[in-house]
Amino acid sequence: MHRPLAILSGPAARTAVAAGQARPLAGGPLAFTLVETPAGIVPAAALAPDHPLTADRAPWAGFDLSRPVIMGIVNVTPDSFSDGGDHAHADAAIAHGCRLLAEGADILDVGGESTRPGAEPVPIEVEIARVVPVIRALADDGAVVSIDTRHAAVMKAAAEAGARIINDVTALTGDPDSLSVAAATGLPLVLMHIQGEPQTMQVAPRYGDVTAEVFDWLSARIDAAVAAGIARDRIAIDPGIGFGKDVVHNVDLLARTAALHGLGCPLLIGVSRKRFIAALSRGEAPKDRVAGSIATALHTLGQGAHILRVHDVAATVQAVAVWQALQSA
(Lines give C-alpha, C1' and ligand atoms only; values in the text may rest on other atoms or scores of the structure.)
Protein backbone atom coordinates (compact mmCIF):
# COMPACT_ATOMS: atom_id res chain seq x y z
CA MET A 1 0.00 0.00 0.00
CA HIS A 2 1.25 3.46 -0.97
CA ARG A 3 0.05 6.65 0.72
CA PRO A 4 0.20 10.06 -1.02
CA LEU A 5 1.72 12.81 1.12
CA ALA A 6 2.19 16.58 0.77
CA ILE A 7 -1.08 17.01 -1.13
CA LEU A 8 -1.42 20.27 -3.07
CA SER A 9 -4.38 22.09 -4.61
CA GLY A 10 -5.04 24.98 -6.98
CA PRO A 11 -2.18 26.74 -8.78
CA ALA A 12 0.43 25.04 -6.57
CA ALA A 13 -0.79 21.63 -7.71
CA ARG A 14 -0.83 22.60 -11.38
CA THR A 15 2.61 24.17 -11.23
CA ALA A 16 4.17 21.20 -9.44
CA VAL A 17 2.65 18.72 -11.90
CA ALA A 18 3.81 20.78 -14.88
CA ALA A 19 7.33 20.91 -13.42
CA GLY A 20 7.39 17.14 -12.91
CA GLN A 21 7.59 17.54 -9.14
CA ALA A 22 4.16 16.09 -8.37
CA ARG A 23 1.61 13.66 -9.68
CA PRO A 24 -2.15 14.23 -9.97
CA LEU A 25 -4.10 12.46 -7.22
CA ALA A 26 -6.52 9.96 -8.78
CA GLY A 27 -6.53 12.03 -11.94
CA GLY A 28 -8.22 14.92 -10.17
CA PRO A 29 -7.35 18.56 -9.45
CA LEU A 30 -5.25 17.69 -6.38
CA ALA A 31 -1.62 16.57 -6.61
CA PHE A 32 0.96 15.04 -4.28
CA THR A 33 4.72 15.49 -4.14
CA LEU A 34 5.67 12.57 -1.88
CA VAL A 35 4.48 9.01 -1.40
CA GLU A 36 4.89 6.74 1.61
CA THR A 37 5.84 3.21 0.55
CA PRO A 38 6.75 0.10 2.59
CA ALA A 39 10.39 1.01 1.94
CA GLY A 40 10.04 4.63 3.06
CA ILE A 41 9.05 8.04 1.68
CA VAL A 42 9.97 8.73 -1.95
CA PRO A 43 9.22 11.52 -4.45
CA ALA A 44 5.87 11.14 -6.18
CA ALA A 45 7.64 11.71 -9.49
CA ALA A 46 9.13 8.24 -9.07
CA LEU A 47 5.71 6.71 -9.72
CA ALA A 48 4.72 5.66 -13.21
CA PRO A 49 2.11 7.97 -14.79
CA ASP A 50 -0.36 5.06 -14.93
CA HIS A 51 0.06 4.08 -11.27
CA PRO A 52 -3.40 3.67 -9.67
CA LEU A 53 -2.71 6.55 -7.28
CA THR A 54 -2.36 8.99 -10.13
CA ALA A 55 -4.18 7.56 -13.14
CA ASP A 56 -7.28 9.33 -14.46
CA ARG A 57 -10.64 8.09 -13.19
CA ALA A 58 -13.20 7.39 -15.89
CA PRO A 59 -16.74 8.71 -15.35
CA TRP A 60 -18.68 6.50 -12.95
CA ALA A 61 -22.45 5.98 -13.17
CA GLY A 62 -22.47 8.80 -15.70
CA PHE A 63 -20.79 11.29 -13.36
CA ASP A 64 -17.66 13.28 -14.14
CA LEU A 65 -15.51 12.73 -11.07
CA SER A 66 -13.55 15.95 -11.48
CA ARG A 67 -16.05 17.47 -9.02
CA PRO A 68 -17.48 16.02 -5.79
CA VAL A 69 -20.64 13.96 -6.26
CA ILE A 70 -23.27 14.20 -3.52
CA MET A 71 -25.29 11.10 -2.63
CA GLY A 72 -28.34 11.89 -0.48
CA ILE A 73 -29.65 9.28 1.96
CA VAL A 74 -33.28 8.15 1.81
CA ASN A 75 -33.95 5.62 4.57
CA VAL A 76 -37.31 3.89 4.18
CA THR A 77 -36.95 2.31 7.61
CA PRO A 78 -38.39 2.65 11.11
CA ASP A 79 -35.06 2.11 12.88
CA SER A 80 -32.11 3.80 11.15
CA PHE A 81 -29.68 5.33 13.63
CA SER A 82 -30.05 8.95 12.55
CA ASP A 83 -33.53 9.37 11.13
CA GLY A 84 -35.38 6.17 11.97
CA GLY A 85 -39.07 6.56 11.25
CA ASP A 86 -38.84 10.00 9.67
CA HIS A 87 -39.42 8.62 6.17
CA ALA A 88 -40.62 5.09 6.88
CA HIS A 89 -43.63 5.35 4.56
CA ALA A 90 -43.33 5.58 0.80
CA ASP A 91 -44.97 8.99 0.43
CA ALA A 92 -42.72 10.54 3.06
CA ALA A 93 -39.62 8.92 1.56
CA ILE A 94 -40.51 10.10 -1.96
CA ALA A 95 -41.10 13.65 -0.70
CA HIS A 96 -37.79 13.55 1.17
CA GLY A 97 -35.98 12.36 -1.94
CA CYS A 98 -37.47 15.20 -3.95
CA ARG A 99 -36.30 17.68 -1.29
CA LEU A 100 -32.77 16.29 -1.44
CA LEU A 101 -32.73 16.63 -5.22
CA ALA A 102 -33.85 20.25 -4.92
CA GLU A 103 -31.05 20.82 -2.39
CA GLY A 104 -28.45 19.57 -4.86
CA ALA A 105 -28.13 15.81 -4.46
CA ASP A 106 -26.73 14.04 -7.53
CA ILE A 107 -27.75 10.54 -6.39
CA LEU A 108 -30.48 9.32 -4.04
CA ASP A 109 -29.46 6.25 -2.02
CA VAL A 110 -32.63 4.36 -1.05
CA GLY A 111 -32.46 1.71 1.67
CA GLY A 112 -35.09 -0.47 3.30
CA GLU A 113 -33.02 -2.23 5.97
CA SER A 114 -31.13 -0.51 8.76
CA THR A 115 -27.50 -1.61 9.04
CA ARG A 116 -26.79 0.36 12.21
CA PRO A 117 -24.88 -1.51 14.93
CA GLY A 118 -27.15 -4.13 16.51
CA ALA A 119 -29.86 -3.85 13.85
CA GLU A 120 -32.06 -6.89 13.32
CA PRO A 121 -32.28 -8.33 9.79
CA VAL A 122 -35.37 -7.47 7.74
CA PRO A 123 -37.24 -10.12 5.72
CA ILE A 124 -36.40 -9.71 2.04
CA GLU A 125 -40.03 -9.34 1.00
CA VAL A 126 -40.44 -6.50 3.52
CA GLU A 127 -37.32 -4.76 2.25
CA ILE A 128 -38.55 -5.02 -1.34
CA ALA A 129 -41.99 -3.71 -0.41
CA ARG A 130 -40.38 -0.71 1.31
CA VAL A 131 -37.99 0.36 -1.43
CA VAL A 132 -39.58 -0.51 -4.79
CA PRO A 133 -42.39 2.12 -4.75
CA VAL A 134 -39.91 4.79 -3.67
CA ILE A 135 -37.33 3.86 -6.29
CA ARG A 136 -39.94 3.70 -9.05
CA ALA A 137 -41.39 7.11 -8.20
CA LEU A 138 -38.03 8.86 -7.89
CA ALA A 139 -36.61 7.20 -11.01
CA ASP A 140 -39.72 8.15 -12.97
CA ASP A 141 -39.04 11.76 -11.94
CA GLY A 142 -35.54 11.48 -13.45
CA ALA A 143 -33.51 10.90 -10.31
CA VAL A 144 -30.37 8.75 -10.35
CA VAL A 145 -31.27 6.22 -7.65
CA SER A 146 -28.99 3.77 -5.90
CA ILE A 147 -30.25 0.82 -3.90
CA ASP A 148 -28.60 0.33 -0.51
CA THR A 149 -28.95 -3.41 0.09
CA ARG A 150 -26.99 -6.57 0.84
CA HIS A 151 -29.57 -8.93 -0.69
CA ALA A 152 -29.53 -10.17 -4.28
CA ALA A 153 -33.31 -10.34 -4.63
CA VAL A 154 -33.60 -6.70 -3.55
CA MET A 155 -30.89 -5.69 -6.03
CA LYS A 156 -32.83 -7.37 -8.84
CA ALA A 157 -36.18 -5.85 -7.84
CA ALA A 158 -34.62 -2.41 -7.44
CA ALA A 159 -32.93 -2.57 -10.84
CA GLU A 160 -36.26 -3.51 -12.43
CA ALA A 161 -37.88 -0.54 -10.66
CA GLY A 162 -35.33 1.89 -12.10
CA ALA A 163 -32.34 1.91 -9.72
CA ARG A 164 -29.12 2.75 -11.56
CA ILE A 165 -26.51 1.94 -8.88
CA ILE A 166 -26.08 -0.90 -6.36
CA ASN A 167 -24.60 0.08 -2.98
CA ASP A 168 -23.76 -3.00 -0.88
CA VAL A 169 -22.37 -2.61 2.65
CA THR A 170 -21.00 -6.17 2.44
CA ALA A 171 -19.24 -5.72 -0.93
CA LEU A 172 -21.33 -8.56 -2.41
CA THR A 173 -20.49 -11.04 0.37
CA GLY A 174 -23.81 -10.87 2.22
CA ASP A 175 -25.75 -13.09 -0.19
CA PRO A 176 -24.36 -16.00 -2.27
CA ASP A 177 -26.26 -14.74 -5.31
CA SER A 178 -25.13 -11.12 -5.11
CA LEU A 179 -22.13 -11.37 -7.43
CA SER A 180 -24.08 -13.01 -10.25
CA VAL A 181 -27.12 -10.77 -9.86
CA ALA A 182 -25.02 -7.59 -9.72
CA ALA A 183 -23.14 -8.71 -12.82
CA ALA A 184 -26.39 -9.47 -14.66
CA THR A 185 -27.87 -6.02 -13.94
CA GLY A 186 -24.93 -4.26 -15.58
CA LEU A 187 -25.24 -1.48 -12.99
CA PRO A 188 -22.37 0.45 -11.38
CA LEU A 189 -21.55 -0.69 -7.85
CA VAL A 190 -20.28 0.56 -4.52
CA LEU A 191 -18.31 -2.09 -2.61
CA MET A 192 -18.00 -1.26 1.09
CA HIS A 193 -15.75 -2.77 3.74
CA ILE A 194 -17.32 -4.28 6.82
CA GLN A 195 -15.84 -6.43 9.57
CA GLY A 196 -18.47 -8.87 10.82
CA GLU A 197 -22.16 -8.13 10.30
CA PRO A 198 -24.44 -5.36 11.61
CA GLN A 199 -25.71 -7.17 14.70
CA THR A 200 -22.22 -7.80 16.09
CA MET A 201 -19.79 -5.63 14.13
CA GLN A 202 -19.18 -3.15 16.96
CA VAL A 203 -18.40 -5.82 19.56
CA ALA A 204 -14.65 -5.26 20.06
CA PRO A 205 -13.53 -4.95 16.40
CA ARG A 206 -9.81 -5.68 16.01
CA TYR A 207 -7.15 -4.86 13.41
CA GLY A 208 -3.38 -4.84 13.21
CA ASP A 209 -3.24 -2.00 10.65
CA VAL A 210 -6.81 -0.99 9.84
CA THR A 211 -6.09 0.99 6.67
CA ALA A 212 -3.85 -1.69 5.19
CA GLU A 213 -6.37 -4.42 6.06
CA VAL A 214 -9.29 -2.47 4.59
CA PHE A 215 -7.19 -1.86 1.46
CA ASP A 216 -6.36 -5.56 1.05
CA TRP A 217 -9.96 -6.68 1.72
CA LEU A 218 -11.39 -4.26 -0.81
CA SER A 219 -8.74 -5.27 -3.33
CA ALA A 220 -9.86 -8.88 -2.99
CA ARG A 221 -13.52 -7.89 -3.39
CA ILE A 222 -12.73 -5.89 -6.54
CA ASP A 223 -10.94 -8.95 -7.94
CA ALA A 224 -13.94 -11.15 -7.08
CA ALA A 225 -16.32 -8.76 -8.81
CA VAL A 226 -14.16 -8.58 -11.93
CA ALA A 227 -13.91 -12.38 -12.00
CA ALA A 228 -17.72 -12.52 -11.89
CA GLY A 229 -17.94 -10.40 -15.03
CA ILE A 230 -18.28 -6.93 -13.52
CA ALA A 231 -16.18 -4.36 -15.38
CA ARG A 232 -13.68 -2.64 -13.13
CA ASP A 233 -14.83 0.80 -14.27
CA ARG A 234 -18.28 0.05 -12.81
CA ILE A 235 -16.83 -0.27 -9.30
CA ALA A 236 -16.51 2.41 -6.60
CA ILE A 237 -15.19 1.65 -3.11
CA ASP A 238 -16.15 2.73 0.42
CA PRO A 239 -13.91 2.07 3.46
CA GLY A 240 -16.99 1.60 5.66
CA ILE A 241 -16.44 4.15 8.41
CA GLY A 242 -18.18 2.85 11.53
CA PHE A 243 -18.81 -0.64 10.18
CA GLY A 244 -16.83 -2.94 12.43
CA LYS A 245 -14.48 -0.16 13.53
CA ASP A 246 -14.00 1.78 16.75
CA VAL A 247 -13.11 5.47 17.05
CA VAL A 248 -9.36 4.84 16.75
CA HIS A 249 -9.89 2.72 13.62
CA ASN A 250 -12.12 5.37 12.03
CA VAL A 251 -9.64 8.15 12.72
CA ASP A 252 -6.79 6.11 11.25
CA LEU A 253 -8.78 5.37 8.10
CA LEU A 254 -9.81 8.97 7.68
CA ALA A 255 -6.27 10.22 8.25
CA ARG A 256 -4.98 7.88 5.54
CA THR A 257 -7.91 8.08 3.13
CA ALA A 258 -5.67 8.96 0.18
CA ALA A 259 -3.97 5.56 0.34
CA LEU A 260 -7.20 3.94 -0.87
CA HIS A 261 -6.74 5.56 -4.28
CA GLY A 262 -4.17 2.84 -4.85
CA LEU A 263 -7.10 0.55 -5.59
CA GLY A 264 -7.74 2.52 -8.77
CA CYS A 265 -11.48 3.01 -8.20
CA PRO A 266 -13.63 6.04 -7.38
CA LEU A 267 -13.77 6.60 -3.63
CA LEU A 268 -17.04 7.08 -1.73
CA ILE A 269 -17.01 8.30 1.87
CA GLY A 270 -19.94 7.94 4.25
CA VAL A 271 -19.42 9.66 7.60
CA SER A 272 -22.69 11.54 7.95
CA ARG A 273 -23.92 11.81 11.56
CA LYS A 274 -21.90 8.76 12.65
CA ARG A 275 -21.16 7.92 16.26
CA PHE A 276 -17.40 8.60 16.11
CA ILE A 277 -18.19 12.31 15.60
CA ALA A 278 -19.96 12.46 18.96
CA ALA A 279 -17.18 10.43 20.56
CA LEU A 280 -14.62 12.99 19.39
CA SER A 281 -16.82 15.90 20.48
CA ARG A 282 -19.42 16.17 23.26
CA GLY A 283 -21.63 13.15 22.76
CA GLU A 284 -24.13 14.90 20.49
CA ALA A 285 -27.25 13.13 19.22
CA PRO A 286 -27.17 12.07 15.53
CA LYS A 287 -29.07 15.08 14.18
CA ASP A 288 -26.70 17.42 16.05
CA ARG A 289 -23.61 16.04 14.28
CA VAL A 290 -23.94 18.05 11.07
CA ALA A 291 -20.89 20.26 11.64
CA GLY A 292 -18.68 17.29 12.45
CA SER A 293 -20.02 15.43 9.43
CA ILE A 294 -19.15 18.31 7.13
CA ALA A 295 -15.71 18.82 8.68
CA THR A 296 -14.90 15.17 8.09
CA ALA A 297 -16.31 15.19 4.57
CA LEU A 298 -14.20 18.21 3.59
CA HIS A 299 -11.13 16.55 5.08
CA THR A 300 -11.67 13.54 2.81
CA LEU A 301 -12.24 15.77 -0.23
CA GLY A 302 -8.81 17.20 0.58
CA GLN A 303 -7.52 13.66 0.11
CA GLY A 304 -9.26 13.19 -3.22
CA ALA A 305 -12.56 11.53 -2.26
CA HIS A 306 -15.00 11.55 -5.17
CA ILE A 307 -18.44 10.86 -3.66
CA LEU A 308 -19.96 11.95 -0.34
CA ARG A 309 -22.90 10.01 1.09
CA VAL A 310 -24.80 12.41 3.38
CA HIS A 311 -28.06 13.08 5.21
CA ASP A 312 -27.73 16.88 5.19
CA VAL A 313 -27.53 17.67 1.49
CA ALA A 314 -28.10 21.45 1.52
CA ALA A 315 -25.46 22.08 4.19
CA THR A 316 -22.98 19.80 2.46
CA VAL A 317 -23.52 21.34 -0.97
CA GLN A 318 -22.90 24.80 0.46
CA ALA A 319 -19.76 23.70 2.30
CA VAL A 320 -18.38 21.92 -0.76
CA ALA A 321 -18.99 24.96 -2.99
CA VAL A 322 -17.00 27.19 -0.63
CA TRP A 323 -14.28 24.55 -0.18
CA GLN A 324 -13.89 24.19 -3.96
CA ALA A 325 -13.60 27.94 -4.47
CA LEU A 326 -10.93 28.23 -1.78
CA GLN A 327 -9.00 25.22 -3.04
CA SER A 328 -8.92 26.65 -6.56
CA ALA A 329 -7.70 30.11 -5.55
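The name given to the chain in an unreviewed UniProt entry is Dihydropteroate synthase, with the source organism recorded as Niveispirillum cyanobacteriorum. Per its UniProt entry, the chain bears the Sequence similarities (unreviewed entry) comment "Belongs to the DHPS family." Quoted verbatim from the Function (unreviewed entry) field of the UniProt record, the comment on the chain reads "Catalyzes the condensation of para-aminobenzoate (pABA) with 6-hydroxymethyl-7,8-dihydropterin diphosphate (DHPt-PP) to form 7,8-dihydropteroate (H2Pte), the immediate precursor of folate derivatives."

Participant: What exactly am I supposed to notice about the overall build of the chain here?
Facilitator: Scanning the chain for helices and strands turns up ten helices and twelve strands. Along the first, second and third principal axes, the C-alpha atoms of the chain reach 55 × 40 × 40 Å. For the chain, the proportion of contacts with a sequence separation of at least 24, taken over those separated by at least 6, is 68%. For the chain, the accessible area works out to roughly 13,000 Å², and carbon and sulfur atoms hold 56% of it. Charge centroids of the chain, computed over 25 positive and 34 negative side chains, lie 3 Å from each other.

Participant: So what exactly am I meant to see when it comes to the nonpolar core here?
Facilitator: Nonpolar side chains in soluble globular proteins tend to be buried together. Judged by nonpolar contacts, the single largest core of 62 residues is most densely connected at V110, I135 and I237. If near-sequence neighbours (up to four positions away) are discounted, I237 is found in contact with L191, L218, I222, L260, L263, C265, P266, L267 and L268. Formed by twelve residues, the second largest nonpolar core is a distinct cluster that contains W60, V144, I165 and L268.

Participant: Which parts of the structure should I look at to understand the packing of helix α4 (residues 152-161) against helix α5 (residues 178-185)?
Facilitator: Working note: a packed helix pair is described by the angle between its axes plus the distance between those axes. For the pair α4 and α5, the least separation of the axes is 9 Å and the interaxial angle reads 15°. One finds that α4 runs roughly parallel with respect to α5. Where α4 crosses over α5, the handedness of that crossing is left-handed. Where α4 approaches α5, its residues A152, M155, K156 and A159 are matched on the opposing element by S178, V181 and T185. Here the residues of the contact of α4 with α5 are counted per class, giving four nonpolar, two polar and one charged.

Participant: Would you take a moment to explain helix α3 (residues 124-140) for this structure?
Facilitator: The α-helix advances 3.6 residues per turn, and as a result positions three or four apart in sequence lie on the same side. Helix length check: α3 (17 residues) gives 24 Å between terminal C-alpha atoms against 24 Å at 1.5 Å per residue, within 8%. Considered for burial, the residues of α3 that qualify are E127, V131, V132, V134, I135, L138 and A139. Along its buried surface, α3 packs onto β5 (69-75), α2 (90-103), β6 (107-111), β7 (145-148) and α4. Looking one or two residues beyond α3, the residue adopting positive phi is G142, at roughly 100°.

Participant: Help me understand the domain arrangement of the chain, please; the structure alone is not making it clear to me.
Facilitator: You can read the domains of the chain as domain 1 (1-56) and domain 2 (57-328). Between domain 1 and domain 2, the buried area comes to about 1,300 Å², and carbon and sulfur atoms account for 63% of it. Linking domain 1 with domain 2 are zero salt bridges, by the criterion used here. One can count five residue pairs in polar contact (both at pLDDT 80 or more) joining domain 1 with domain 2. Those elements giving two or more residues to the side of domain 1 that touches domain 2 turn out to be β1 (3-8) and α1 (10-18). Split by residue class, the side of domain 1 that touches domain 2 holds eleven nonpolar, three polar and three charged.

What counts, and where the lines are drawn
- Within each chain, residues carry numbers counting from 1 in the order of the written sequence.
- Totals for whole chains, interfaces and linings use all residues, but because this is a predicted model, local features are given only for residues with pLDDT of at least 70 and pairs of side-chain atoms are given and counted only at 80 or more.
- Note: side-chain values were computed over all heavy atoms of the structure, leaving out hydrogens and water.
- UniProt positions are given in the numbering used here, feature names are shortened, and annotations may be inferred rather than shown by experiment.
- Numbering of helices and strands runs from the N terminus, with a helix taken as a DSSP run of H or I at least four residues long and a strand as a DSSP run of E at least two residues long.
- We call two residues in contact whenever any of their non-hydrogen atoms come within 4.5 Å of each other.
- Accessible surface area values rest on a Shrake-Rupley calculation with a 1.4 Å probe, where residue burial reflects the displayed protein chains alone.
- In this charge count, Lys and Arg are treated as positive and Asp and Glu as negative; neither His nor the chain ends contribute.
- Where a charge sits is defined by one atom per residue type, namely NZ (Lys), CZ (Arg), CG (Asp) or CD (Glu).
- Here, the term nonpolar core denotes a set of buried Ala, Val, Leu, Ile, Met, Phe, Trp, Tyr and Cys residues that are joined through side-chain atoms within 4.5 Å.
- Three exposure classes are used, based on accessible area relative to the maximum for each residue type with a 1.4 Å probe and protein chains only: buried under 20%, partly exposed in between, and exposed over 50%.
- All axes are obtained by fitting lines to C-alpha atoms, using only the stretch in contact for helices, and the reported angles, taken between N-to-C directions, cover 0 to 180 degrees.
- Note that the term roughly parallel is reserved for angles under 35 degrees, roughly antiparallel for angles over 145, roughly perpendicular for angles of 65 to 115, and oblique for everything else.
- Handedness of a crossing is defined here by the sense of rotation of the near helix relative to the far one, left-handed for an anticlockwise turn of less than a right angle and right-handed for a clockwise turn.
- All residues other than Ala, Val, Leu, Ile, Met, Phe, Trp, Tyr, Cys, Pro, Asp, Glu, Lys and Arg, Gly among them, are scored as polar; the first ten of these are nonpolar and the last four charged.
- Expected span, for any helix, means 1.5 Å times one less than how many residues it has.
- These domain limits were set by an automatic method or by a database of domain assignments.
- As a working definition, buried area equals the accessible area (1.4 Å probe) given up by two parts on being put together, with both sides summed.
- In the sections that follow, a salt bridge refers to a side-chain nitrogen of Lys or Arg positioned within 4 Å of a carboxyl oxygen of Asp or Glu.
- For the purposes of these results, a polar contact is taken to be a pair of N or O atoms within 3.5 Å, where, inside protein, one atom must be able to donate a hydrogen and its partner to accept one; residues adjacent in sequence count only when each atom of the pair is a side-chain atom.

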